[in-house]
Amino acid sequence: MQAWHFSESAYPYLPPADSYPSIRVSLASKNYDPKKGAALWDRYLHEWQIAEEEGMDIMLNEHHQTATCVDPAAPMVLAALARLTTTARLLILGNPIANRRQPVRVAEEMALCDVLSHGRVEAGFVRGVPYEISPANSNPVRMNERFWEALDLIVKTWTSHDGPFSHEGRFFHHRNINVWPRVYQNPHPPVWVSTTSASGAAEVGAKGFIQATFLTGYDATRKIYESYRAAWRKAGRGVDVPNDRLAYAALVYVGETEQEALEGAEKLLWYVTANKVAPQYANPPGYVPVAANVAMQRGASHPLSQFSKNASVEAAIRSGFMFAGTPDQVYEQIKRHYEYVGGYGHLLIMGQAGFLEHDDTVKGIRNFAREVYPRLKEMFPKTTISGQYGDVPAAPPERFVLRTSHEVSTDGPLISALGGAEA
Amino acid sequence: MKRTAVTIAGCELEIHEGGSGAPLLFLHPGGGFNPEDFYVELLTATHRVIAPSHPGFGGSQLPDWIDHVDDIAHIYLELMDKMGLTKVDVIACSVGGWIAAEMMTKTPERFGKVVLVGPVGVKTGPTDKLDIPDIYVMPPADVPKLMYHDPVKNAVQPAMLSDEELAISARNRETLALLVWEPYMHNPKLRRRLHRVASPTLFVRGASDGLISAAYLEAYAGLVPGAKTATIPEAGHAPQIEQPQAFARMALDFLG
């Protein structure tokens with residue numbers, strides 16, 4: 001198991017949430033104080049350096065026109081980290097290539113960072129959440145088609161070394177592609193793709209790229225991984241899927257005591273609860289399939305959006321998108337999740353969010369790296385094959401769950417460990 | 001109306017056809033074509049109405065190569081050939097009006113009289129202000145307020161619609177976004193081509209239309225030689241729905 005420290009580099013100093021309709025897209029930038037923002041960036045970069053010191057790897061991402069992630073140009077921060085660190089792998093997850101007009105430029109940015117870091121780049125690609133559409137002025141229809149054409153072109157760009165070649169595709173045109181520098185790694189940096197749907201995972205599995213899924217809990221994650229493994233085998237990549245092909249992202253906070261863990265974990269929940277998005281940005285036409293839109297008209301909603309209305313640490317742990325507690329508790333929670341979904345080789349740790357201050361963030365990183373990570377590495381070595389299920393009910397036993405003092409409830413059913421809904 | 005399928009350039013189109021008399025091509029707005037709407041009956045009373053569902057709308061296919069209003073204009077010119085419509089009158093609404101305008105600039109001689117209702121398709125105002133409000137970034141509840149004179153009466157009630165109807169509506173919305181996303185609701189070249197239009201053309205808007213302003217309609221009409229403008233009271237962006245009698249009377253009077 002490989003663990004990655006991740007922060008969305010948020011700017012949390014905002015007016016009350018009821019004073020604005022959306023934290024994404026339309027929240028005016030007059031609410032951003034560049035001096036406070038610069039201090040935050042000093043901090044976030046430093047925290048990534050501390051994660052490296054503790055033996056963890058580094059992950060960053062990109063969003064636009066939002067206080068939740070003030071990194072609209074992640075390759076630039078990747079370049080900074082390439083020079084501020086020396087050993088950590090550097091995962092950018094990712095480049096929103098359905099919204100970028102020039103895939104070749106993205107290939108250049110990744111190649112340059114790969115050289116600057118002496119071959120430590122892990123290049124992730126994302127279709128992008130729906131609220132990225134408006135900032136990019138990007139057409140929400142046919143994003144998947146653009147995404148795959150762009151990614152194929154980027155890989156070809158990295159692996160072509162004999163002078164210019166041309167690309168005249170459905171969406172992208174480039175007559176003389178001959179990128180300098182060439183990528184440092186041979187044949188190219190590992191490619192990651194994030195998707196939270198089973199159909200998306202099948203496309204990623206067929207191509208053999210690393211599949212990352214975010215906050216999908218127990219059953220959805222299991223389905224996504226099943227789909228990946230089935231497509232991997234169908235594409236003739238072999239019977240066994242190495243667990244380093246799969247990654248899971250969760251909110252993680254490890255405290256020395258339950259009380260300390262609870263306080264840290266509650267601050268991490270900001271990531272879910274602060275994500276106030278106006279409906280017009282959350283579902284532009286064409287972003288989800290017609291059938292999903294029909295289901296929404298009939299009242300369906302995303303489990304996370306239901307959850308965020310009445311979030312609690314306890315519910316988040318039970319749902320499987322947060323691992324928090326003492327080292328023993330967190331280890332047990334991760335182990336259960338791992339065994340329930342069939343295994344993954346990468347844990348992407350949202351270890352900082354919102355008002356989780358520097359000292360508490362560092363404490364969480366150190367407690368994880370020193371008390372939990374060694375056990376995970378030993379228990380789930382990189383040679384493990386994915387797709388082996390533990391004989392476990394996924395929900396952690398009571399003694400491994402942090403209890404919140406207030407009553408736990410969600411508007412919708414919790415995502416159950418055992419496949420059904422539980423009240 | 002009867003419904004048939006015609007394949008043009010590999011794209012199977014759903015064609016609604018009804019009534020008798022002079023042929024009249026009806027190009028529907030972004031919401032699609034519903035043969036049950038009352039105004040359709042008023043038009044078929046005097047005309048043979050031919051109403052194709054645009055590619056990606058209603059029961060028409062959407063091939064992967066189509067992504068522009070101009071693609072549809074070419075398909076419809078071929079449809080006219082196939083149906084033997086050497087010269088035809090047109091009523092076209094909203095995005096349908098844009099399609100009609102593109103068609104008229106290509107083969108002006110093929111069109112008799114034309115009524116464009118709340119048409120989009122050109123950019124006439126300043127760079128730093130959208131000519132047409134951005135329906136994709138306003139709260140969804142605000143769109144009907146701009147669309148209708150009486151938004152309450154015209155509110156969509158998903159519970160009253162079948163899954164199939166909801167699916168068609170969602171697909172219409174998706175295809176519309178594909179076509180109008182960028183540049184928003186217009187083809188920058190169209191305004192440089194509209195001088196070729198040879199048809200007597202009437203530009204119509206509902207007095208309460210919050211999407212197509214009076215100034216936009218006047219500016220658009222000003223690009224078409226000899227075009228006239230008219231307003232239908234107590235109607236928004238879809239006067240054919242809110243004021244079917246007044247709409248039909250005005251359109252049919254103009255077509256003569």
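Conventions adopted
Residues numbered from 1 in each chain as written. Chains lettered and ligands numbered in written order. Predicted model: local features only at pLDDT ≥ 70, side-chain atom pairs only at ≥ 80, totals over all residues. Heavy atoms only, no water. Helix = DSSP H or I, 4+ residues; strand = E, 2+ residues; numbered from the N terminus. Rg over C-alpha atoms; globule rule 2.2 N^0.38 Å. Buried < 20%, exposed > 50% of the residue type's maximum accessible area, 1.4 Å probe, protein only. Contact = heavy atoms within 4.5 Å. Lys, Arg positive; Asp, Glu negative; His and termini not counted. Charge placed at Lys NZ, Arg CZ, Asp CG, Glu CD. Pairing = 2+ DSSP bridges. Axes fitted to C-alpha atoms, helices over the stretch in contact; angles between N-to-C directions. Core = buried A, V, L, I, M, F, W, Y, C linked by side-chain atoms within 4.5 Å. Salt bridge = Lys/Arg side-chain N within 4 Å of Asp/Glu carboxyl O. Parallel < 35°, antiparallel > 145°, perpendicular 65-115°, else oblique. Left-handed = near helix turned anticlockwise from the far one by under 90°. Nonpolar A, V, L, I, M, F, W, Y, C, P; charged D, E, K, R; others polar. Buried area = accessible area lost by both parts, 1.4 Å probe. Polar contact = N/O pair within 3.5 Å; in protein donor to acceptor, adjacent residues only side chain to side chain. pLDDT = per-residue confidence, 0-100. Expected span 1.5 Å × (residues − 1).

**Student:** Can you break down the overall build of chain B residue by residue, with the values?
**Tutor:** Scanning chain B from terminus to terminus reveals 8 helices and 8 strands. Relative to the globule expectation of 18 Å for 256 residues, the C-alpha radius of gyration of chain B, 17 Å, shows essentially globular dimensions. For chain B, the proportion of its 256 residues judged to be buried stands at 53%. Residue pairs in contact within chain B that sit at least 24 positions apart in sequence constitute 77% of those at least 6 positions apart. The centroid of the 22 positive side-chain charges in chain B is displaced by 8 Å from the centroid of its 30 negative side-chain charges.

**Student:** I'd like a rundown of the sheet that holds strand E5 (residues 88–93) of chain B, residues and numbers included.
**Tutor:** Residues and elements named next belong to chain B. Taken in spatial order, the 8 strands of this open sheet run E1-E2-E4-E3-E5-E6-E7-E8, and their pairing is mixed. Each edge of the open sheet carries a strand with a single partner, namely strand E1 (2–8) and strand E8 (228–232). With direction set aside, neighbouring strand axes in the sheet form an average angle of 25°. Pairing of E5 with strand E6 (residues 111–117) involves 5 bridges; the strand directions are parallel. Bridging across to E6, Val90 finds its partner in Val114. Sheet contacts for helix H3 (residues 95–106): strand E3 (22–27), E5 and E6; angle to E5, the most-contacted strand, approximately 145°. Helix H8 (residues 244–255) rests against E3, strand E4 (47–52), E5, E6, strand E7 (201–206) and E8 of the sheet, and its axis sits at about 155° to E6.

**Student:** Lay out the nonpolar core with the relevant residues and their values.
**Tutor:** By size, the foremost hydrophobic cluster in this structure holds 173 residues, and its most contacted members are A:Tyr344 and A:Phe368. With 24 residues, the next largest nonpolar core counts B:Phe33, B:Val49, B:Val115 and B:Leu255 among its residues.

**Student:** An account of the pattern of salt bridges is requested, with residue identities and associated values reported.
**Tutor:** A full pass over the atoms with the stated rule returns 23 salt bridges over all chains. Where B:Asp163 meets A:Arg298, a salt bridge forms, and the shortest distance between an N and an O atom there is 2.8 Å. In this pair, B:Asp163 is assigned in helix H5 (residues 163–180) and A:Arg298 in the loop between helix H11 (290–297) and helix H12 (303–309), connecting two distinct chains. Judged by its relative accessible area of 47%, B:Asp163 is partly exposed. For A:Arg298, a relative accessible area of 40% translates into the label partly exposed.

**Student:** Outline the environment of B:Thr124, listing residues and values.
**Tutor:** By secondary structure assignment, the location of B:Thr124 is in the loop between E6 and helix H4 (143–147). With relative accessibility at 27%, the residue B:Thr124 sits in the partly exposed group.

**Student:** Explain the packing of helix H3 (residues 103–116) of chain A against helix H5 (residues 143–159) of chain A to me, using residue names and the numbers behind them.
**Tutor:** All names here are of chain A. Remark: H3 packs on H5, axes separated minimally by 9 Å, with the N-to-C direction vectors making an angle of 50°. Comparing their axes, H5 and H3 come out oblique. Along this stretch, H3 crosses H5, giving a crossing that reads as right-handed. Contact residues: H3 offers Pro103, Val104, Val106, Ala107, Met110 and Ala111, while H5 offers Ala150, Leu153, Ile154, Thr157 and Trp158. Taken together, the residues that form the contact of H3 with H5 break down as 10 nonpolar, 1 polar and no charged.

**Student:** Quick one: what's the story with the interface of chain B and chain A, residue by residue and with numbers?
**Tutor:** With 26 residues of chain B at the contact, the number on the chain A side is 22 residues. When the two sides are added together, the surface that chain B and chain A hide from each other amounts to roughly 1,900 Å², 54% of it contributed by carbon and sulfur. Where chain B packs against chain A, one counts 3 salt bridges. Where chain B meets chain A, there are 13 residue pairs in polar contact (both at pLDDT 80 or more). Looking at the side of chain B that touches chain A, its residues break down into 18 nonpolar, 1 polar and 7 charged.

**Student:** So what's going on with the confidence of the model for chain A? Residues and values would help.
**Tutor:** On average, chain A scores 91 in pLDDT, and the residues at 70 or more come to 93%. A low-confidence stretch, residues 406–423 of chain A (pLDDT under 50), is modelled with 40 contacts involving residues beyond four sequence positions or located in other chains.

**Student:** Give me the environment of B:Glu78: which residues, what numbers.
**Tutor:** Residues and elements named next belong to chain B. With respect to the helices and strands, Glu78 occurs in helix H2 (residues 69–82). Sequence spacing of Glu78 and His186 is 108 residues, and the spatial spacing of their C-alpha atoms is 23 Å. Setting aside anything within four residues of it in sequence, one finds Glu78 in contact with Ile8 and Ala9.

**Student:** Mind laying out unusual backbone geometry, listing which residues take part and the relevant values?
**Tutor:** Along the chain, A:Trp180 connects to A:Pro181 via a cis peptide bond; the corresponding omega equals -5°. Here A:Pro181 lies in the loop between strand E6 (173–177) and strand E7 (191–194). Geometrically, the link from B:Glu182 to B:Pro183 is a cis peptide bond, its omega value of -10° lying close to zero. With respect to the secondary-structure elements, B:Pro183 resides in the loop between H5 and E7. Positive phi, close to 50°, is recorded for A:Gln65, a residue that is not glycine. Take A:Gln65: it is sitting in the loop between strand E2 (57–60) and helix H2 (74–84).

**Student:** Could you give me a rundown of the packing of helix H1 (residues 34–53) of chain A against H2(A), with the residues and numbers involved?
**Tutor:** Residue and element names in this part refer to chain A. Viewed as axis vectors pointing N to C, H1 and H2 meet at an angle of 50°, and their least axial separation amounts to 11 Å. Overall, the two elements H1 and H2 adopt an arrangement that is oblique. The handedness of the crossing between H1 and H2 comes out as right-handed. Touching Trp41, Leu45, Trp48 and Gln49 of H1 are Val77, Leu81 and Leu84, all from H2. Split by residue class, the contact of H1 with H2 holds 6 nonpolar, 1 polar and no charged.

**Student:** Can you lay out the pairing of strand E12 (residues 346–352) of chain A for me, pointing to particular residues and giving the numbers?
**Tutor:** Residue and element names in this part refer to chain A. The element E12 is extensively covered by neighbouring structure, given that 7 of its 7 residues are classed as buried. Sheet topology places strand E1 (residues 2–7) next to E12; 6 bridges connect them, and they run parallel. Residue pairing in the sheet places Ala3 in a bridge with Leu347 of E12. Summarising the sheet, strand E10 (residues 246–254) and E12 pair through 5 bridges and their orientation is parallel. Counterpart to Ala247 in the pairing with E12 is His346.

**Student:** Could you give an account of H3(A), with specific residues and numbers?
**Tutor:** Residues and elements named next belong to chain A. Under the 1.5 Å per step criterion, the end-to-end length of H3 is 20 Å for 14 residues, consistent within 8% with the ideal 20 Å. Turning to H3, its buried residues number three or more, namely Pro103, Val104, Val106, Ala107, Glu109, Met110, Ala111, Cys113 and Asp114. In the core, the buried residues of H3 are packed alongside H2, strand E3 (90–96), strand E4 (121–126), H5 and E6. Two residues or fewer after H3 comes His118, characterised by a positive phi angle close to 55°.

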